[in-house]
Amino acid sequence: MTEQDNPFLPLAAPGIAGLTPYIPGKPVSELERELGIRDSIKLASNENPLGPGPKARAAIAELMGEIGRYPDGGGFELRRVIADYHGVAQSAVTIGNGSNDVLDLIARTFLSPQVETVYSEYAFAVYAISSQAVGATARIAKASDYGHDLDAMAALVTDRTRVVWIANPNNPTGTWLSAAALRSFIGAVPRTCLVVVDEAYTEYVSEPDFPDTTRWLDSFPNLIVTRTFAKAHGLAALRVGYGLSDPRVAELLNRVRQPFNVNTFAQAAAAAALGDREHVRASLELNRVGMQQYVDAFRRLGLDFIPSVGNFISVDLGRPAAALNQALLRRGVILRPLGNYGLPNHLRISIGLESENARCIAALEDVLAS
Ligand SMILES: *Cc1c(COP(=O)(O)O)cnc(C)c1O
């Protein structure tokens, strides 16, 4: 959009002019309205196909009578449960309206037009959006094998860098960093630079040398770990996530945080979900089997893919994915094109129910053949 299209553009804050909005997965209702079709499936937003577990559902159902009241602005009970779960102080926990909200709080608290921020090529899009919205200068490190190249990232950090963003595992690539590599990176970054480790998919990872960064908070006061209830816990619609950090960092984030950013249902469901290990276990098992369905299919079809430890997998179609994606939409299969991530030949597929995966694979085979 140019100044001619929008006369308010020159009035907006400096970072806004170059900003492109986040592109979410297409909702089923929107596709069906547009194409007049039914029975579509959405494998585009890395949601848990099982949804929430029984404990979270029960917690939500109990609270209908509370709708007329504001939520607990301090999120006392949820922060207590999170703090207990991780063995950290309650003052180390910052709750967010999704972990996106926490990421945005970090940008608004520590970034400004005077400072710089570092992230990787193919990294989660919100780092760019939140950083740019506040006018910080972004230094983007080239990826290596689609994953974060920590040496390249370290080389971009200066005394002007306030925030480095790392997704582990990363979305949309599903790549991950080992404990040793990540720990030595954080140890080498100046203490004037915060390192955000975004662990939205951490529950899915079973690699033995995958880090538990929450154990490092005492060693690195400039570390912020973010987690979400939107993925493995199946609470995407409620919008709830959190950050763990040095309490002095959390205190600053909480100055910026809107007082009622996490609603009553989200607080209660999230607290219940952390105690529902059985639901997480079942979700991970479903994901493991579903991931294998795709890996087998891609091998059979001769398609390259980026090996993923998350609940999604990005496949290289060997040609521009946009037209194939349109053909898939007409068949009622919603996936995520990655052109805006600089991966025009890839589609990202969220692991669904077994039947959804089978339908997606059949549709993919069909459109590739036609
Ligand atoms: C999904 C996702 C998030 C957060 O999602 P919320 O719904 O805002 O909690 C954060 N980081 C990455 C890398 C994600 O893929």
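Because the structure is a prediction, the values reported are computed rather than measured. (Residues numbered from 1 in each chain as written. Predicted model: local features only at pLDDT ≥ 70, side-chain atom pairs only at ≥ 80, totals over all residues. Heavy atoms only, no water.)

### Examining the pattern of salt bridges
Here is step 1: Summed over all chains, the structure comprises 17 salt bridges.
Here is step 2: In this structure, R80 and E77 form a salt bridge, with 2.6 Å as the shortest nitrogen-oxygen distance. Pair noted here: R80 and E77 are both in helix α3 (residues 76–86), with a separation of three residues, about one helical turn.
Here is step 3: Residue R80 is classed as partly exposed on the basis of its relative accessible area, which comes to 30%.
Here is step 4: Its relative accessible area of 38% is what places E77 among the partly exposed residues.
Here is step 5: Here R288 and E285 are joined by a salt bridge, their closest N and O atoms 2.9 Å apart. Of this pair, R288 and E285 both sit in helix α10 (residues 277–301), three residues apart, which is roughly one turn of the helix. (Salt bridge = Lys/Arg side-chain N within 4 Å of Asp/Glu carboxyl O. Helix = DSSP H or I, 4+ residues; strand = E, 2+ residues; numbered from the N terminus. Buried < 20%, exposed > 50% of the residue type's maximum accessible area, 1.4 Å probe, protein only.)

### Remarks on the packing of helix α4 (residues 99–110) against helix α5 (residues 125–133)
In a pair of packed helices, the angle between the axes and the distance between the axes together describe the arrangement.
Here is step 1: Their axes nearest at 9 Å, the elements α4 and α5 cross at an angle of 40°. With respect to the hand of their crossing, α4 and α5 are arranged in right-handed fashion. Where α4 abuts α5, its residues N100, L103, D104 and A107 lie against V126, Y127, S130 and S131.
Here is step 2: Broken down by class, the residue content of the contact of α4 with α5 amounts to four nonpolar, three polar and one charged. (Axes fitted to C-alpha atoms, helices over the stretch in contact; angles between N-to-C directions. Left-handed = near helix turned anticlockwise from the far one by under 90°. Contact = heavy atoms within 4.5 Å. Nonpolar A, V, L, I, M, F, W, Y, C, P; charged D, E, K, R; others polar.)

### Some points on the pairing of strand β7 (residues 223–228)
Here is step 1: Here β7 lies mainly inside the structure; six of its six residues are buried.
Here is step 2: What you see with β7 is no split at all: L223, V225 and R227 on one side and I224, T226 and T228 on the other are buried throughout.
Here is step 3: Relative to strand β8 (residues 241–245), β7 is paired through five bridges, and the arrangement is antiparallel. Bridge pairing links V225 to L244 in β8. (Pairing = 2+ DSSP bridges.)

### Structural notes on the site of the ligand
Here is step 1: Lining the immediate environment of the ligand, one finds G98, S99, N100, F124, N171, D198, A200, Y201, T228, A230, K231 and R239.
Here is step 2: At 2.7 Å from an oxygen atom of the ligand is found a side-chain nitrogen or oxygen belonging to N171.
Here is step 3: Taken by itself the ligand offers 380 Å² of open surface, and the protein chains cover 94% of this.
Here is step 4: The residue makeup of the shell around the ligand, split by class, is four nonpolar, five polar and three charged. (Near = heavy atom within 4 Å. Polar contact = N/O pair within 3.5 Å; in protein donor to acceptor, adjacent residues only side chain to side chain. Areas by Shrake-Rupley, 256 points an atom, 1.4 Å probe, with all protein chains shown as cover.)

### Some points on the packing of aromatic side chains
Here is step 1: Evaluation of the coordinates by the stated rule reveals eleven aromatic pairs.
Here is step 2: Ring geometry for F298 against F305: centres 5.8 Å apart, planes inclined by 40°, an arrangement best described as tilted.
Here is step 3: Pairwise contacts between aromatic rings join Y22, F124, Y127 and W165 into one cluster.
Here is step 4: Directly above the aromatic system of W216 lies the positively charged group of R183, at a separation of 5.4 Å from the ring centroid. (Phe/Tyr/Trp six-rings, centres within 6.5 Å; stacked < 30°, edge-to-face > 60°. Lys NZ or Arg CZ within 6 Å of the ring centre and 35° of its normal.)

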